[in-house]
Every structure is written in structure tokens, then in C-alpha cells.
Amino acid sequence: MTKQETNIKNNPDELIASVLSQDLEVPAKLLTQILSAIFWRQQLYAGLRLSGLALSSIVSSLALFFALKEVVFKMSESGAWSILSLVFSDLEVVTANWQAFSLSFLEALPIFSIILTTGAILAMLVSFRFVFRNLMQINFRPILKNRLLIKI
Amino acid sequence: MNNTPNAPDEQLVLSYLQGDNEALNFLIERYLRQVYNFSAKYIGSAKEAEDLTQEIFLRVWKNLKKFDSQKSFKTWLFSITRNVCIDYLRRKKTVTFSTLEGDDDKESFSDKIVDESFSIVEKITRQELEKEMGRYLSRLSEANRAVLILHYNQQLAFREIAELSGESLDTVKSRHRRALIYLRRLIRQDKKVHQK
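What you see is a predicted model; the values in this text were computed from it and never measured. Think of each chain on its own: its residues are numbered from 1, step by step along the sequence as written. Chains and ligands are labelled by the order in which they are written, letters from A for the one and numbers from 1 for the other. Local features in this predicted model are restricted to residues whose pLDDT is 70 or higher, and side-chain atom pairs enter the listing and the counts only when it is 80 or higher, whereas totals over whole chains, interfaces and linings include all residues.

Secondary structure counts use DSSP, requiring at least four H or I residues in a row for a helix and at least two E residues in a row for a strand, with both numbered from the N terminus. Looking only at helices and strands, chain A has seven helices and zero strands in total. When the helices and strands of chain A are read in sequence order from the N terminus, they spell out α-α-α-α-α-α-α. Three classes are used. A residue is buried when 20 or more other C-beta atoms lie within 10 Å of its own, exposed when 12 or fewer do, and partly exposed in between, with C-beta atoms placed from the backbone. For chain A, the residues scored as buried account for 12% of the 152 residues in total. Here contacts are defined at the residue level, using C-beta atoms placed from the backbone and a cut-off of 7 Å between them. Looking at chain A alone, contacts between residues at least 24 apart form 83% of all its contacts between residues at least 6 apart.

Encoded structure:
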């Protein structure tokens with residue numbers, strides 16, 4: 001009996017523990033496989049996020065366009081433009097009665113449309129910010145390399 | 001943050017979350033061997049353990065934001081590893097022989113056995129045990145098997161195993177004891193058959 005051979009009758013637990021503690025050799029390619037699987041998923045998720053954000057940027061830009069149009073229309077409807085034009089035509093009168101002028105101007109402003117426009121501006125800016133951040137995360141080089149390899 | 005492969009786990013996690021991809025590579029490299037070994041021993045197949053190891057690290061990557069840096073990364077990693085292995089075995093619906101060992105909640109036959117020494121002439125060589133260990137392990141219940149592998153192969157303390165499995169320390173110790181007793185019984189039965 002060699003030294004390695006142990007009599008389980010004497011110390012079974014030690015032998016079991018020793019056999020259990022033995023490590024198997026990790027396949028050489030496993031690390032690369034895992035890293036590339038994670039890399040491709042990172043790219044996929046960033047791409048998906050980018051598509052979603054690009055869509056929301058387009059939607060918020062359109063919303064901003066219509067909201068601005070609405071503000072301009074409501075301002076001319078309420079006479080806010082006419083009140084504002086007094087600043088250019090009769091500046092002296094406006095400065096002399098600036099409190100009454102301000103109050104009239106504020107009353108003529110389409111507040112709801114302005115709030116909507118501000119919201120659309122914010123949504124667009126946030127979307128642009130995230131689109132830019134996601135663009136920075138995507139590593140285009142391996143994708144291009146892969147496409148080239150497929151062509152070859 | 002400037003990371004080295006020797007940086008603590010928690011620092012590497014933090015660096016990855018701050019955008020350093022290399023930190024994740026270091027973490028995976030550090031634990032690849034352990035996760036692969038646990039999976040291979042737990043499911044009893046080195047080949048399938050490769051796919052499972054990949055799945056485990058993908059799940060780790062996806063959930064890294066949820067990791068509580070106040071806790072041990074190793075314990076967290078092995079709780080994921082254990083869950084993925086359990087899911088895999090459930091998916092596979094492998095008929096294990098764990099029923100032989102008895103339901104975990106009930107007192108099993110092995111519990112009644114006192115830690116007896118072998119009365120019959122039975123010797124097992126290390127080589128024999130290495131060869132048969134996979135088969136013996138597959139006959140343990142999943143929970144008991146996990147305790148043995150985590151304790152002996154991954155050198156986790158019972159307290160850490162209790163933390164990752166969500167069981168009490170006493171339960172883990174009991175699982176360990178029962179698993180060893182059952183293993184000895186299996187070996188003894190095998191030797192008897194061979195002797196006949």
C-alpha cells in the first residue's frame with residue numbers, strides 16, 4: 001500500500017475531505033468564453049437602450065415642436081404678443097407702468113402650454129444625455145471587426 | 001480608480017460599477033476556478049459545468065448593482081452559484097437518489113446511525129474514492145451535497161454557508177454531519193458488494 005492510500009477505517013472523514021478538496025482543471029477557453037459572453041450582452045443591452053432612447057428623443061423633439069407651435073398660437077390668441085410689442089413701440093409708457101404691464105402680460109401668457117413645452121424640452125435634453133452616454137458605452141471596434149471577419 | 005488583480009473584491013465591484021470593465025475581468029478570473037469546481041462537483045458533470053459557469057457569471061454581472069458591499073462578495077457569489085445549480089438540476093429533472101437519504105425535514109435513517117467505525121474489513125484507496133466520489137455525491141440530497149462541497153472544496157466556514165443558503169448555523173452543521181455519515185455508509189455498502 002502506498003503512502004497515498006489511506007485506510008478509511010482509520011480516518012474516513014479526512015480522506016473524504018481530502019478528495020473533495022481536489023480541484024478540477026478549468027478548461028482553457030472558459031474564461032475567454034465568459035468574458036466574450038458578457039461583452040456581447042453589454043453591447044446588446046447598450047444597443048437596445050440606445051434604440052429606445054433614440055426613439056424617445058425623436059418623440060420628445062416632435063412633442064417640443066407641437067408644444068412650441070401651441071404656445072405661439074395661444075400667445076397670439078390671448079394678445080400676449082400685442083402686449084409684448086409695447087416694449088418696442090412705447091418703452092416709456094411700459095417703464096412708467098411696469099407693474100400694470102407685467103400683470104397684464106402674465107395674465108395673457110398661456111401657462112399650461114408653457115409648462116408642456118418646458119416638460120418637452122426637459123424630456124428631450126434627458127434623452128439626448130442618455131443617448132450620448134450609451135453611445136460612449138458601446139465599443140464599436142469589435143463589432144466592426146466582427147462584421148469584417150464575416151465578410152471575409 | 002486604479003485596480004490591480006489583488007484589490008479586494010468589494011473594491012473591484014465598486015470600480016466596475018463606476019465603469020472600469022477590467023475590474024470585472026479580475027473578479028471573474030479570481031473566482032472562475034472555484035465556481036467551476038463547485039458546479040462540476042454539484043451537478044456531477046464537468047462538461048455541463050462549463051455552460052453553467054458561464055450562466056453563473058452572466059447572472060453575477062447582471063445583478064452586480066444589487067450587491068451589498070457591506071457583505072462578503074464570495075458568499076454572495078456562491079449563493080448565486082448554488083441557486084443556478086439548483087435551477088439547472090430542477091430543469092433537468094434528474095432522478096437523484098436523494099430519497100434514499102430521506103427527506104431533509106424528517107429524521108432520516110442516517111441520522112439514527114451513530115458515527116460508527118467500520119466493523120467489516122473495508123479499505124478504500126484514495127484513487128478508488130476519487131473515482132467514485134461523483135457517484136457518491138450524486139446520491140446525497142442537494143442541500144447536503146452543497147454543504148460538503150462548499151466546506152471542503154471552497155473552504156467556506158459553516159457560518160458563511162449558513163449565510164448564503166439562508167439556513168441556521170445548526171442546520172448547516174447537521175447537514176454536514178449527516179452527509180458525512182451517509183457518505184461513509186455508501187462507501188461501506190459499496191465495499192460489501194465488491195467483497196461479495
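This is not the end of the story, as more comes after the structure.
Assigned secondary structure in chain B consists of ten helices and zero strands. Going from N to C terminus, chain B has its helices and strands arranged as α-α-α-α-α-α-α-α-α-α. Among the 196 residues that make up chain B, the fraction classed as buried is 36%. Here the analysis covers contacts within chain B between residues at least 6 apart in sequence; of these, 66% occur between residues at least 24 apart.

A separate point is helix H7 (residues 126-138) of chain B. All names here are of chain B. By this rule the span expected of a helix is its residue count minus one, scaled by 1.5 Å. With 13 residues, H7 extends 19 Å between its outermost C-alpha atoms, agreeing within 8% with the 18 Å of an ideal straight helix rising 1.5 Å per residue. Bend at a residue means the angle formed by two fitted axes: the first through the 7 residues ending at that position, the second through the 7 residues beginning there. Its axis deflected by about 50° at Glu-132, H7 carries its strongest bend there. Buried residues of H7: Leu-129, Tyr-136 and Leu-137, and no others.

With that out of the way, let us pick up the nonpolar core. To define a nonpolar core, we join buried Ala, Val, Leu, Ile, Met, Phe, Trp, Tyr and Cys residues through C-beta atoms within 7 Å and take the resulting set. B:Ile149 and B:Leu183 are the most contacted members of the largest nonpolar core, which totals 56 residues. The leading source of residues in this core is helix H2 (residues 21-43) of chain B, at twelve residues. Each of domain 1 (9-92) and domain 2 (98-195) of chain B gives at least three residues to this core. When residues no more than four places from it in sequence are discounted, the contact partners of B:Ile149 are A:Leu20, B:Phe38, B:Lys41, B:Tyr42 and B:Gln154. An automatic or database domain assignment provides the domain bounds reported here.

With that out of the way, let us pick up the environment of B:Thr4. All names here are of chain B. Examined against the element boundaries, Thr-4 turns out to sit in the segment before helix H1 (9-17). Of the residues examined, Thr-4 has 9 C-beta atoms within 10 Å and is grouped as exposed. The sequence separation of Thr-4 and Phe-26 amounts to 22 residues, and the corresponding C-alpha distance is 8.0 Å.

Now for the packing of helix H4 (residues 73-92) of chain B against helix H9 (residues 158-165) of chain B. Residues and elements named next belong to chain B. Throughout, an axis means a line fitted to C-alpha atoms (over the contacting stretch in the case of helices), and angles, computed between N-to-C directions, take values from 0 to 180 degrees. Interaxial distance between H4 and H9 falls to 9 Å at its minimum, and their mutual angle equals 55°. The pairing of H4 with H9 is recorded here as oblique in orientation. Handedness of the crossing formed by H4 with H9: right-handed. Here H4 contributes Thr-75, Phe-78, Ser-79 and Arg-82 to the contact with H9, which in turn contributes Glu-160, Glu-163, Leu-164 and Ser-165. Under this scheme an angle from 65 to 115 degrees is roughly perpendicular, one under 35 degrees roughly parallel, and one over 145 degrees roughly antiparallel; angles in between are oblique. It is the rotation of the near helix from the far one that decides the hand of a crossing: anticlockwise by less than a right angle makes it left-handed, clockwise makes it right-handed.

Glancing now at the environment of A:Phe105. Residue and element names in this part refer to chain A. Mapped onto the fold, Phe-105 is located in helix H5 (residues 98-108). Separated by 23 residues in the primary sequence, Phe-105 and Ser-82 place their C-alpha atoms 9.3 Å from one another. In this structure Phe-105 touches Ala-80, Ile-83 and Leu-84, once residues within four positions along its chain are discounted.

Fine structural detail should not be taken from predicted coordinates in areas where pLDDT scores are low. Known as pLDDT, the predictor's per-residue confidence is scaled from 0 to 100. Of the residues in chain A, 82% have a pLDDT of 70 or more, and the chain-wide mean is 80. H5(A) holds the highest mean pLDDT among the elements of chain A, 88, whereas helix H7 (residues 140-151) of chain A holds the lowest, 51.

Here we take up unusual backbone geometry. All names here are of chain B. A positive phi angle is found at Gln-155, which is not glycine, with a value near 55°. With respect to the helices, strands and loops of the structure, Gln-155 is situated in the loop between helix H8 (142-153) and H9. Classification of Gln-155 by C-beta neighbours within 10 Å gives exposed; the count is 11.

Residue and element names in this part refer to chain B. Looking at chain B, pLDDT values average 80 and 79% of them are 70 or higher. The secondary structure element of chain B with the lowest average pLDDT is helix H6 (residues 109-112), at 37, and the one with the highest is helix H3 (residues 46-63), at 93. Between residues 95-121, whose pLDDT stays under 50, and residues either more than four places distant or in other chains, the model counts 31 contacts. Of the two predicted TM-score estimates for the complex, the pTM is 0.66 and the ipTM is 0.70.

Right, let's talk about the packing of H2(B) against H4(B) for a bit. Residue and element names in this part refer to chain B. Interhelical geometry of H2 versus H4 gives an angle of 30° and a closest axis separation of 10 Å. Classified by the angle their axes make, H2 and H4 are roughly parallel. Here the hand of the crossing between H2 and H4 comes out right-handed. Counting all contacts with H2, which are made through Tyr-31, Val-35, Phe-38, Ser-39, Tyr-42 and Ile-43, the residues of H4 involved are Leu-77, Phe-78, Thr-81, Cys-85, Tyr-88 and Leu-89. Residues belonging to the contact of H2 with H4 are distributed by class as follows: ten nonpolar, two polar and no charged. We call Asp, Glu, Lys and Arg charged. Ala, Val, Leu, Ile, Met, Phe, Trp, Tyr, Cys and Pro are nonpolar, and the rest, Gly among them, are polar.

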